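# Notes for the structure review
The residues making up each chain are set out below.
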Amino acid sequence: MLPQNSEEFHQLSYQKILEVTNELKNRVYDQEVNIKILANTTVNQCKEIFEYQFLSAGIKPNIHLGNYDNIVQESVGISQTDIVMIFWDVMNMVEGLQYKIELYNSAQIDELLRKTRSEMDLVFESLKNNRMVVFNQFNVSPFTYNSIKKTKLEAFCQSLNESLVTGVPSNFILVNIDKIYLQHSVERCIDYRFFNSTKAFYNVTFFKEYASLVMPAILSTLGRTKKVLVLDCDNTLWKGVIGEDGIEGINLSASSPTGKVFQEIQSLAKAAKEEGVLLAICSKNNAAEVMEVFHHPEMILTQEDIIISKINWKDKASNIRSIAEELNVGLDSIVFVDDADYEINLIQTNLTSVQTFRVPDKIYKYPFKFRELLTAFYSASKTSEDLQRSKLYEVEKQRYSEKNKHQNLEDYIRSLNLHVELRLNDQENSERLTQLTQKTNQFNLTTKRYTLNEMNQMMRDSQFEVFSMSAKDRFGNYGIIGLAIIKRHSTHSVEIDSFLLSCRVIGRDLERVLFSSIVSYFPDHEIKATYVKTPKNSQVISFFENQGMTLSANESNELKRYVLSPDFHPRIIDYIECTHHFQKQNSK
């Protein structure tokens with residue numbers, strides 16, 4: 001079984017990582033990612049460590065190491081690479097710079113700064129259109145951490161970082177590797193002996209921690225961000241067992257050392273909820289007793305913070321399946337927290353795609369490990385939909401209740417009084433549209449992932465049209481829930497590059513409105529489309545056929561191509577009001 005947390009991962013030897021990686025390579029993966037690593041220091045060992053991390057996440061990585069100290073030259077011409085990682089270390093900009101710079105005069109330092117900034121600008125320009133660039137901030141801590149005065153080396157590094165922060169393109173993720181040194185110390189991360197002989201500055205400990213630090217950001221762009229935090233109650237949200245100790249016997253008081261820990265955990269969970277993480281309860285308990293605790297004066301979390309509760313005596317694997325079904329999310333979107341080995345092992349055995357977290361036996365470690373866990377919910381940006389996600393799902397419960405009052409789906413949809421608005425190239429909401437491509441898995445015909453930079457480029461490019469859909473009904477506003485990217489091939493031929501819909505609104509015919517709007521926007525056009533099968537989008541395998549498209553090629557069970565003739569007329573859906581905020585064939 002693969003390690004479930006970073007502590008287990010860090011206990012693996014480098015040899016064990018190589019063994020497990022070789023085993024994982026024999027599996028079949030539905031997603032691949034191309035990665036290029038550029039460095040002016042020797043980083044060979046990080047290749048296998050990142051291979052292990054990606055394969056463990058269910059992604060096949062194609063990792064290529066660039067030539068040593070060839071960052072500027074090799075940054076040109078790698079625009080098709082999904083992820084570029086750059087290790088650009090100050091000490092190797094000039095042989096022995098870590099000690100020679102202390103003898104430099106100001107003119108020599110200024111000249112080196114000018115040269116390096118010029119090279120940085122070239123790299124920025126070369127890589128500004130890549131999906132993601134992971135770039136380490138310049139760091140000299142291994143040579144200055146024991147010096148109380150500010151050295152010339154530190155001043156030089158600070159100047160470079162100021163230029164970096166102000167000039168870096170939006171697709172760059174900046175990494176502060178001082179965080180690694182803070183956790184594991186310089187001496188445990190650096191090998192000065194190998195640095196002097198082979199320029200291999202970083203050791204395996206550093207690379208394992210580095211991979212753990214940056215992987216949440218990378219996985220986010222690949223659609224692998226977690227969405228739901230499922231929490232046990234006893235000895236997880238408070239100290240004690242409510243069914244045995246009673247309301248007076250449990251401890252969550254800020255006036256006691258143990259109680260402070262659980263106050264901190266609840267506060268962190270609540271802050272995560274405010275950032276868009278969905279909180280759920282899965283507890284073997286009597287529901288009435290748990291609800292009594294939620295009225296405790298020192299509880300930080302409230303019942304309103306919890307989107308769904310499964311408080312009963314069923315096995316927790318069944319309850320977590322129900323949580324996923326009711327929220328309409330994949331099991332791989334869930335993180336489960338419990339204090340019992342039995343429950344953790346049950347989930348690891350029966351729900352292998354659910355990430356688990358065992359509350360530490362040494363309770364004082366709990367908040368630190370919990371913070372680390374929350375990085376699984378990383379998101380590069382926060383949209384209005386993120387900040388209101390719990391409210392949106394709460395309103396969804398009301399819609400679900402309304403659905404049970406109707407005998408057929410169309411009557412239910414009519415009762416909602418749906419109104420949709422469609423826009424073209426809505427750059428004001430490009431972050432949300434980017435997020436939809438990265439997070440939507442179930443109703444997603446091609447599952448292409450795009451970065452913010454790529455999204456904005458397509459909106460400005462006359463070859464593309466980006467359709468976005470927002471919706472509301474008598475219960476409330478859904479926000480932006482649909483996206484279609486159309487690529488022009490010729491004067492009378494276009495192709496649907498991406499077509500997706502948020503899982504919250506599946507089954508309300510909104511996808512048909514979006515498709516009809518595309519057809520109406522391109523009259524007298526041949527429209528092509530492709531369905532690419534993934535483990536999560538099987539429910540839309542016949543979507544294009546159901547809209548009237550003709551299957552032109554069935555290349556395999558994984559890929560189907562379609563075409564729609566220019567004389568096709570889409571069906572009008574009269575029970576959904578639609579407003580178009582664009583004109584047909586609008587030019588950019």
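Described in the following lines is the structure provided in the data block. (Residues numbered from 1 in each chain as written. Predicted model: local features only at pLDDT ≥ 70, side-chain atom pairs only at ≥ 80, totals over all residues. Heavy atoms only, no water.)

### Let's talk about the packing of aromatic side chains
- One pass over the structure, following the stated rule, counts 40 aromatic pairs.
- Plain terms: the ring middles of Y521 and F582 are 5.4 Å apart, the flat faces sit at 80° to each other, and that makes the pair edge-to-face. One end of the pair, Y521, is in helix α24 (residues 510-521); the other, F582, is in the segment after β19 (577-580), with 61 residues separating them in the sequence.
- Residue classification places Y521 among the buried positions, given a relative accessible area of 1%.
- By way of ring pairs, the aromatic residues F50, F54, F87, F143, Y181, Y192, F195, F201, Y202, F206, F207 and Y210 are connected into one cluster.
- One cation-aromatic arrangement involves R193 over F194; the distance from NZ or CZ to the ring centre is 4.6 Å.
- Cation over ring: R399 sits above Y478, and NZ or CZ is 3.8 Å from the ring centre. (Phe/Tyr/Trp six-rings, centres within 6.5 Å; stacked < 30°, edge-to-face > 60°. Helix = DSSP H or I, 4+ residues; strand = E, 2+ residues; numbered from the N terminus. Buried < 20%, exposed > 50% of the residue type's maximum accessible area, 1.4 Å probe, protein only. Lys NZ or Arg CZ within 6 Å of the ring centre and 35° of its normal.)

### Quick word on helix α14 (residues 257-274)
- Between the first and last C-alpha of α14 there are 26 Å, a value that for 18 residues agrees with the 26 Å anticipated at 1.5 Å per step.
- Looking at α14, one finds that the buried residues are G259, V261, F262, Q263, I265, Q266, L268, A269, A272 and K273.
- On its buried side, α14 packs onto β6 (228-231), β7 (278-284), α18 (366-374) and α20 (389-403).
- The positive-phi residue at the C-terminal boundary of α14 is G276, with phi of around 115°. (Expected span 1.5 Å × (residues − 1). Contact = heavy atoms within 4.5 Å.)

### Quick word on the pairing of strand β8 (residues 306-312)
- Counting buried positions along β8 yields six of seven residues, so the element is predominantly enclosed.
- One ladder, built from six bridges, connects β7 with β8; its direction is parallel. When the sheet's bridge partners are listed, C282 is paired in β8 with K310. (Pairing = 2+ DSSP bridges.)

### Description of the nonpolar core
- F50, Y202, F206, Y210 and I218 are the most contacted members of the largest nonpolar core, which has 46 residues in total.
- Elements that contribute at least two residues to this core include exactly α2 (14-24), β1 (32-39), α3 (44-56), β3 (83-87), β4 (132-136), α9 (178-184), α10 (186-189) and α12 (204-221).
- In terms of residue count, α12 provides more of this core than any other element does, ten residues in total.
- Every residue in contact with Y210, bar those within four places of it in the chain, is listed here: F50, F87, V134, N136, V175, I177 and I180. (Core = buried A, V, L, I, M, F, W, Y, C linked by side-chain atoms within 4.5 Å.)

### Let's talk about the packing of α2 against α3
- Between α2 and α3, whose axes approach to 9 Å, the crossing angle comes to 50°. The angle between α2 and α3 falls in the class oblique. Seen along the crossing, α2 lies across α3 with a hand that is left-handed. Counted together, Y14, I17, L18, V20, T21 and L24 of α2 and Q45, E48, I49, E51, Y52, L55 and S56 of α3 form the full contact between these two elements.
- Broken down by class, the residue content of the contact of α2 with α3 amounts to eight nonpolar, three polar and two charged. (Axes fitted to C-alpha atoms, helices over the stretch in contact; angles between N-to-C directions. Parallel < 35°, antiparallel > 145°, perpendicular 65-115°, else oblique. Left-handed = near helix turned anticlockwise from the far one by under 90°. Nonpolar A, V, L, I, M, F, W, Y, C, P; charged D, E, K, R; others polar.)

### A short note on the sheet that holds β3
- Taken together, the five strands give an open sheet; going across it, the order is β2-β1-β3-β4-β5, and neighbouring strands pair in parallel fashion. Only two strands of the sheet have a single partner each, and these edge strands are β2 (60-65) and β5 (172-175). Strand-to-strand twist of the sheet, defined as the mean angle between neighbouring strand axes without regard to direction, takes the value 20°.
- Pairing between β1 and β3: five bridges, direction parallel. Across the sheet, the residue bridging to A39 is F87, located in β3.
- On top of the sheet, α12 reaches β3, β4 and β5; it is set at about 150° to β4, its chief contact.

### Some thoughts on the pattern of salt bridges
- Evaluated as defined, the whole model comprises 31 salt bridges.
- Put simply, E274 and K273 hold a salt bridge, and the shortest N to O gap is 3.4 Å.
- One network of salt bridges, with partners in common, ties together K270, K273, E274 and D305. (Salt bridge = Lys/Arg side-chain N within 4 Å of Asp/Glu carboxyl O.)

### Section: helix α23 (residues 452-460)
- All of the buried residues along α23 are N453, E454, M455, N456, M458 and M459.
- As for α23, its buried residues are in contact with α22 (430-439), β13 (464-473) and β14 (476-490).

### Focus on the side chain of S498
- The topology assignment puts S498 in strand β15 (residues 493-501).
- Within the structure, S498 has its side chain in polar contact with the side chain of D497 (distance 2.8 Å).
- Look past the residues within four positions of S498 in its chain and what remains in contact with it is T446, K448, Y450, L483, A484 and I485. (Polar contact = N/O pair within 3.5 Å; in protein donor to acceptor, adjacent residues only side chain to side chain.)

### Here's the deal with the sheet that holds β8
- Reading across the sheet, the five strands line up as β8-β7-β6-β9-β10 and stay open at both edges, with parallel pairing between neighbours. Unpaired on one side and paired on the other, β8 and β10 (355-358) mark the two borders of the sheet. Mean inter-strand twist for the sheet, computed between neighbouring axes without regard to direction, equals 20°.
- Of the pairings in the sheet, the one linking strand β9 (residues 334-338) to β10 comprises four bridges and is parallel in character. Within β10, the position partnered with V337 by the bridge is F357.
- Most of the contacts of α20 go to β8, to which it runs at about 60°, and overall it touches β7 and β8.

### Notes on unusual backbone geometry
- Unusually for a residue other than glycine, N425 sits at a positive phi of about 50°.
- One non-glycine residue, D524, adopts positive backbone phi at about 60°.
- With respect to the helices and strands, D524 occurs in the loop between α24 and β16 (526-532).
- Given a relative accessible area of 56%, D524 falls into the exposed group.

### Topic: the packing of α14 against α18
- Running from N to C, α14 and α18 point in directions that differ by 15°, and their axes come no closer than 9 Å. Here α14 lies roughly parallel to α18, going by the angle between them. Handedness of the crossing formed by α14 with α18: right-handed. Residue-level inspection shows V261, F262, E264, I265, L268, A269 and A272 of α14 in contact with α18, the latter providing Y366, P367, F370, R371 and L374.

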